[in-house]
Amino acid sequence: MMDKQYLIVGNWKMNKTPSQSSAFVQTLIPEVETGNFVEGLSLAICPPFTALDCVAELLKDSKIALGAQNLCAAVEGAFTGEISAAMLRDLRVSYVIIGHSERRTIFQESDALIHQKVKIAQAHGLTPILCVGETLEEREAGRAQAVVQRQITLALESITDPRCVIAYEPVWAIGTGKTATVDIAQAMHAFIRGLLTEQFGKDGSDMHILYGGSMKVNNAAELLAQPDITGGLIGGASLIAEDFIGIAQCAR
Ligand code: PGA
């Protein structure tokens, strides 16, 4: 059996200017080089758009991959303020976060729009990190699985390319310091694994399913030890090099 593969992704959100990003990455790279990581662990960071260029340059010879936090659902044209998949590819971006709960709620992104973004990302060789997750109200109403199933089914409708990462981020756990219990997280990840194997067959069992929502150094090890949790999408804790590395070191 192939050893478990891990992917740890930092989502910086709207934090760090280009100069702060460069300084941060310059401290992160040597730590990663000497970080004593397991085989099969991949790392990626997703800075704001404005820092992608300088961070791409710094990451050129490192093992850390670059991700963006969003992209436009259209190819090009009159979309003032938007960033296209081709623009990201040109900056050597490999991953793109799509459908983060902050995009769904604050910017009213619909399942249909998220589906378009997944398609356009894959068509340009970017790996989507599709975020799904229920609100507290939905969980308390017993609708957590139904919500996640709807989000995944609509976002991945007619998608056949398994190069896609899912991030399960219960909305009530994001930035709140309140993590899902290991049992809640594993149960949802197993449910998602079932949906992926239904759609992608054998490839579905190798797709990454990351946990996101207040993953920290003190809870990462037990979350990452669960059979269907193959990594993390880290917000707050990814802004501190030591914490991000500490979480990555929990992937065993
Ligand atoms: P958090 O954010 O780790 O700060 O909870 C995770 C995310 O929103 O991706």
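What you are looking at is a predicted structure, and each value in this text was computed from that prediction instead of being measured.

K.L.:
A description of the sheet that holds strand β5 (residues 127-132) should follow, citing residues and the corresponding values.
P.N.:
Ordered in space as β1-β2-β3-β4-β5-β6-β7-β8, the eight strands form a closed barrel in which the pairing is parallel. Averaged over all pairs of adjacent strands, the angle between strand axes in this sheet comes to 25°, irrespective of strand direction. By the bridge criterion, three bridges tie strand β2 (residues 41-46) to strand β3 (residues 64-68) in an arrangement that is parallel. Bridge pairing links Leu-43 to Ile-64 in β3.

K.L.:
Could you give an account of the side chain of Glu-138, with specific residues and numbers?
P.N.:
Looking at the secondary structure, you find Glu-138 in helix α6 (residues 136-140). For the buried Glu-138, no salt bridge exists, and the shortest N-O distance to an oppositely charged side chain is 4.2 Å, to Arg-143. There is a polar contact of 2.8 Å between the side chain of Glu-138 and the backbone nitrogen of Thr-135. Here Glu-138 is in contact with Arg-143, Ala-144 and Val-147, once residues within four sequence places are set aside.

K.L.:
Before we move on, can you summarise the site of the ligand with the specific residues and values?
P.N.:
Of all residues adjacent to the ligand, which total 13 residues, the nearest are Lys-13, His-100, Glu-169, Gly-175 and Ser-214. In this structure, an oxygen atom belonging to the ligand sits 2.7 Å away from a side-chain N or O atom of Lys-13. Here an oxygen atom of the ligand and a side-chain polar atom of Glu-169 are 2.7 Å apart. Against a free-state accessible area of 280 Å², the protein chains account for coverage of 97% of the ligand. Across the shell around the ligand, the residue classes tally to four nonpolar, seven polar and two charged.

About the cut-offs
- Residues numbered from 1 in each chain as written.
- Predicted model: local features only at pLDDT ≥ 70, side-chain atom pairs only at ≥ 80, totals over all residues.
- Heavy atoms only, no water.
- Pairing = 2+ DSSP bridges.
- Helix = DSSP H or I, 4+ residues; strand = E, 2+ residues; numbered from the N terminus.
- Axes fitted to C-alpha atoms, helices over the stretch in contact; angles between N-to-C directions.
- Buried < 20%, exposed > 50% of the residue type's maximum accessible area, 1.4 Å probe, protein only.
- Lys, Arg positive; Asp, Glu negative; His and termini not counted.
- Salt bridge = Lys/Arg side-chain N within 4 Å of Asp/Glu carboxyl O.
- Polar contact = N/O pair within 3.5 Å; in protein donor to acceptor, adjacent residues only side chain to side chain.
- Contact = heavy atoms within 4.5 Å.
- Near = heavy atom within 4 Å.
- Areas by Shrake-Rupley, 256 points an atom, 1.4 Å probe, with all protein chains shown as cover.
- Nonpolar A, V, L, I, M, F, W, Y, C, P; charged D, E, K, R; others polar.

Interpretation in functional terms is not warranted from these geometric data alone.
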